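Inside the fold
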Amino acid sequence: MIPELGHFALIIALLLALVQAILPLYGAQRGNRTLMAVARPAAQGQFMFIVLAFGCLAWSFLVNDFSVLNVARNSYSRLPEVYRFTATWGSHEGSMLFWVMILGFWSAAVSVFSRHLPEDMAARVLGVMGLIAVGFLAFLLTTSNPFVRLVPAAPDGNDMNPLLQDWGMIVHPPMLYMGYVGFAVAFAFAIAALLSGKLDAAWARWSRPWTTVAWGFLTLGIVLGSWWAYRELGWGGWWFWDPTENASFMPWLAGTALIHSLAVTEKRGAFKAWTVLLALLAFSLSLLGTFLVRSGVLSSVHAFATDPARGAFILGFLAVVIGGSLALYAWRAPKMITGGGFTWFSRESLLLANNVILVAALGAVLLGTLYPLFMDAMGLGKISVGPPYFNAVFVPLMAPALFLMGVGPLARWKDASLPDAVARLKWALVVAVATAILLPLTLDGFKPWASLGFFLAVWITLAVGVALRDRLRHGAGSLGQKLRSVPRGFWGMQLAHFGVAVGIAGIAVVANYESERDVRMDIGSYAELAGYTFTFRGASEYDGPNYRAARGTVDVTKNGKPVGTLHPEKRLYNASGMAMTEAALDSGTFRDVYVAMGEQLDEQGAWSVRLFHKPFINWLWLGATFMVVGGFLAASDKRYRIALRRSELPRGVAVQGA
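Note that this is a predicted model, so its numbers are computed, not measured. (Residues numbered from 1 in each chain as written. Predicted model: local features only at pLDDT ≥ 70, side-chain atom pairs only at ≥ 80, totals over all residues. Heavy atoms only, no water.)

Turning to the overall build of the protein chain, a few remarks are in order. Helix and strand counts for the protein chain stand at 21 helices and 10 strands. Compactness check: the protein chain gives a C-alpha radius of gyration of 27 Å against a globular reference of 26 Å for 658 residues, within 12% of the reference. Each principal axis of the C-alpha atoms in the protein chain carries an extent, and together these give about 85 × 75 × 55 Å. Put simply, the protein chain shows about 27300 Å² of open surface, and 65% of that area lies on carbon and sulfur atoms. Considering the protein chain, the positive charge centre built from 51 side chains and the negative charge centre built from 38 side chains are found 16 Å apart. (Helix = DSSP H or I, 4+ residues; strand = E, 2+ residues; numbered from the N terminus. Rg over C-alpha atoms; globule rule 2.2 N^0.38 Å. Areas by Shrake-Rupley, 256 points an atom, 1.4 Å probe, with all protein chains shown as cover. Lys, Arg positive; Asp, Glu negative; His and termini not counted. Charge placed at Lys NZ, Arg CZ, Asp CG, Glu CD.)

And the structure:
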């Protein structure tokens, strides 16, 4: 009865989504407060029923109900309980239910925290989110029902994909989806503003914190996915330009451009049309990523579905959403009033240049991701576009944007002085250039891309320091009082920019100075790499909960001093028969030592082993952490709360004029 309850809950949620979509939008158009007031309880009720459906599916996994087809295909009686729970979103059907639940969460959050918005604006935002929910709930119920029964019930399950049996997959999908789906809020605000015709600074101020939070979650989700792939896949890489990785990276690039454009629209009333277009683009790319991952057009460790009907449904929904939103944009855009003017050198112009470069880089990634699919679909042959293309195109495009990151926050709005900026940043430029020239010479030789990375990392870091110094110089009181008076928005921006610098430094070192070896290791033999000695002590067999494994023992020393003992594994999963490599790492602030086992080579216990030395790789994760914290810190700035309280005053006027 539990699966039937879950299916019934989805039907009720679909009906509530229809109510949330239709009545508030009609009420906002007619100025009917009663209909507009339906939006909040409908959104909250819809979320509750989706949570109930998700709970029913999770319960079916936890109790090993193999009469549910989804459970039989994606779980196993000996699967550890924590992975039985995460298997709830490990399948296509479960991941789509999880997607819809996250959308319901965002709708409910908007319904709770939008009480200070004009009533017609809140109704339109929630109505648009209701329309999106209708599409995905219909998709679930018609093509991807997670509660389909299996008669007769299977005696046991096929097991969860071994790649997903890692604790990183407990946190990676929820964070990624929170960002992916979170851009639906920015999209809904943009559509609501287009419908109302009120594209002003207030709209940007309302939308900005929601967009920044979604961007923070997406950043966290992407970096957790990168970290999971680095640890789990045994290749020693942290970014592969996999099409599914690109499917989440493209909305991130659009979202990064959007949060910067929103700053201009909020502060100066400029870039209105461009900001709205970026909001539409960010969510459209999220939908495109959903289509790519779940339509079966991709072959990837991340991809879920291979059913053409599902792909056709999502593609049709994608066409309706993108086509409808662009048509509305084309209708309203000519009527948008531009904000104040600005000179060629100002914060607005620098942010505009930043946006243009980000969108160009996004276009390069989009082309490299879709072009092979287009060629294949047209019967023109299969081609592969991999890291050589992306590295050759993306990095040169992004370098100017990263340079401007150091200048932009120091420039004044409307009209800035280039000589003044040069005077404030000249020593930062000198130190960055000197570092770029000298630092590679202390490592394993001069390499141009490493030098560029060091220049940008030092340049951005020193620019952050200059911005903080200037901010404190103009404050009053003691140093502590000056620090406390700095708004969270400023701290968040500078912390995020510093995180970018830390990440660039990590990438510059690990991409240019990492080393690896593939070696045959007999029991007692050793190999050397980057000053470390790896001694193989053999491998012993043991039984895991749902797999059998050979567990190696590798002693690591440096200059004769012990560093640690690593235990890489080679696992064979019982139900699926899949062989998996479990790498072992010794992590430090400035390097990782990484060991992965290949195949057993003879009966005497020799194995093929891959050894890696990854200098500064953990700076990637550290830099991304700073970026995430910075984003959340900026979104919590009190000026948004003050602005929302002030918006209560004209609310009645706004409703009457709707």
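What follows is about the pairing of strand 3 (residues 532–543). With four bridges joining them, strand 2 (residues 526–529) and strand 3 adopt antiparallel strand pairing. Residue Ala 527 lies in a different strand from strand 3, and its bridge partner there is Phe 534. Adjacent in sequence and paired antiparallel, strand 2 and strand 3 are bridged by two residues, among which Ala 530 carries a positive phi angle near 55 degrees. Sheet topology note: the strand 3/strand 4 (residues 547–558) ladder contains 10 bridges and is antiparallel. Bridge pairing in strand 4 links Tyr 542 to Ala 549. (Pairing = 2+ DSSP bridges.)

Before going further, it helps to examine the packing of helix 14 (residues 387–407) against helix 16 (residues 448–473). Where helix 14 contacts helix 16, the two axes come as close as 8 Å, and the packing angle between them is 20 degrees. Overall, the two elements helix 14 and helix 16 adopt an arrangement that is roughly parallel. In this structure, helix 14 crosses over helix 16, and the sense of that crossing is left-handed. Where helix 14 abuts helix 16, its residues Val 395, Pro 396, Ala 399, Leu 402, Phe 403, Met 405, Gly 406 and Val 407 lie against Trp 449, Leu 452, Phe 455, Leu 456, Trp 459, Ile 460 and Ala 463. For the contact of helix 14 with helix 16, a count of residues per class yields 14 nonpolar, one polar and no charged. (Axes fitted to C-alpha atoms, helices over the stretch in contact; angles between N-to-C directions. Parallel < 35°, antiparallel > 145°, perpendicular 65-115°, else oblique. Left-handed = near helix turned anticlockwise from the far one by under 90°. Contact = heavy atoms within 4.5 Å. Nonpolar A, V, L, I, M, F, W, Y, C, P; charged D, E, K, R; others polar.)

In this structure, Phe 498 sits in helix 18 (residues 488–513). Once the C-alpha coordinates of Phe 498 and Gly 406 are considered, the two residues, 92 residues apart in sequence, prove to be 10.0 Å apart. With residues up to four places along the chain from it excluded, the contact list for Phe 498 reads Thr 461, Val 464 and Phe 626.

The biggest cluster of nonpolar side chains holds 157 residues, and the ones touching the most others in it are Trp 99, Trp 106, Trp 203, Val 276, Phe 283 and Ile 460. Filtering out sequence-adjacent residues up to four positions away, Trp 106 remains in contact with Met 129, Met 178, Val 181, Gly 182, Val 185, Trp 210, Val 213, Ala 214 and Phe 217. Ranked by size, the runner-up nonpolar core spans 18 residues in total, among them Ala 527, Phe 534, Val 556 and Val 595. (Core = buried A, V, L, I, M, F, W, Y, C linked by side-chain atoms within 4.5 Å. Buried < 20%, exposed > 50% of the residue type's maximum accessible area, 1.4 Å probe, protein only.)

Glancing now at the packing of helix 6 (residues 92–113) against helix 7 (residues 119–143). The geometry of helix 6 relative to helix 7 is characterised by a closest axis approach of 10 Å and an angle of 165 degrees between their N-to-C directions. With respect to their mutual orientation, helix 6 and helix 7 come out roughly antiparallel. With respect to the hand of their crossing, helix 6 and helix 7 are arranged in left-handed fashion. Across the interface between the two elements, His 92, Glu 93, Met 96, Leu 97, Trp 99, Val 100, Leu 103, Trp 106, Ser 107, Val 110 and Ser 111 from helix 6 touch Val 125, Leu 126, Met 129, Ile 132, Ala 133, Phe 136, Leu 137, Phe 139 and Leu 140 from helix 7. Taken together, the residues of the contact of helix 6 with helix 7 break down into 16 nonpolar, three polar and one charged.

Val 151 connects to Pro 152 through a cis peptide bond whose omega is -5 degrees. With respect to the helices and strands, the residue Pro 152 is situated in the loop between helix 7 and helix 8 (168–196). Of note, the phi angle at Phe 271 is positive, near 60 degrees, even though the residue is not glycine. On the secondary structure map, Phe 271 appears in the loop between helix 10 (243–268) and helix 11 (272–294). On the basis of relative accessibility, which here comes to 13%, the residue Phe 271 falls in the buried class. Of note, the phi angle at Ala 530 is positive, near 55 degrees, even though the residue is not glycine. The partly exposed category is assigned to Ala 530, whose relative accessible area is 41%.

A few words on the packing of aromatic side chains. By the definition in use, this model includes 40 aromatic pairs. Ring centres of Trp 167 and Trp 227 lie 5.4 Å apart, and the angle between their planes is 65 degrees; on these two criteria the pair is classed as edge-to-face. Within this pair, whereas Trp 167 is found in the loop between helix 7 and helix 8, its partner Trp 227 is found in helix 9 (residues 201–232), the two being separated by 60 residues in sequence. Where Trp 239 meets Trp 241, the ring centres are 6.0 Å apart and the plane angle is 90 degrees; that geometry is what we call edge-to-face. Judged by its relative accessible area of 10%, Trp 241 falls in the buried class. Feature note: the residues Trp 215, Trp 239, Trp 241, Phe 249, Trp 252, Tyr 389, Phe 390 and Phe 394 constitute an aromatic cluster, connected by ring pairs. A cation sits over an aromatic face here: Arg 231 above Trp 227, 4.4 Å from the ring centre. One residue, Arg 471, lies across the ring of Phe 490, its end atom 4.9 Å from the ring centre. (Phe/Tyr/Trp six-rings, centres within 6.5 Å; stacked < 30°, edge-to-face > 60°. Lys NZ or Arg CZ within 6 Å of the ring centre and 35° of its normal.)

Looking now at the pattern of salt bridges. On inspection of all chains with the given rule, the structure shows 20 salt bridges. The salt bridge partner of Arg 571 is Glu 569, with a shortest N-O separation of 2.8 Å. One exposure class covers both Arg 571 and Glu 569, and it is buried. Residues joined by salt bridges that share partners form a network here, namely Asp 420, Arg 424, Arg 469 and Asp 470. (Salt bridge = Lys/Arg side-chain N within 4 Å of Asp/Glu carboxyl O.)

Right, let's get into the sheet that holds strand 10 (residues 607–615). Taken in spatial order, the four strands of this open sheet run 1-10-9-8, and their pairing is antiparallel. The sheet is open, and its two edges are formed by strand 1 (515–521) and strand 8 (584–587), each paired on a single side. Each strand axis lies, on average, 15 degrees off the axis of its neighbour in the sheet, ignoring direction. Across seven bridges, strand 1 lies against strand 10 in antiparallel orientation. In the strand pairing of strand 10, Met 521 is matched with Trp 607. The sheet strands contacting helix 18 are strand 1 and strand 10, and the helix crosses strand 10 at an angle near 140 degrees.

Attention now moves to helix 6. Side chains of residues three or four places apart in an α-helix project in the same direction, reflecting 3.6 residues per turn. With 22 residues, helix 6 extends 32 Å between its outermost C-alpha atoms, agreeing within 8% with the 32 Å of an ideal straight helix rising 1.5 Å per residue. Among the 22 residues that make up helix 6, 19 are buried, leaving the element largely enclosed by the rest of the structure. Sitting at the amino-terminal end of helix 6 is Ser 91, which places a side-chain oxygen 3.1 Å from the backbone nitrogen of Gly 94. (Expected span 1.5 Å × (residues − 1). Polar contact = N/O pair within 3.5 Å; in protein donor to acceptor, adjacent residues only side chain to side chain.)

The next point concerns the side chain of Thr 265. As for its placement among the helices and strands, Thr 265 is situated in helix 10. Engagement of the side chain of Thr 265 in a polar contact is seen with the side chain of Thr 275, the distance being 2.7 Å. Those residues within four positions of Thr 265 in sequence are excluded, and the remaining contacts are Asp 200, Ala 201, Trp 203, Ala 204, Ala 270, Phe 271, Lys 272 and Thr 275.

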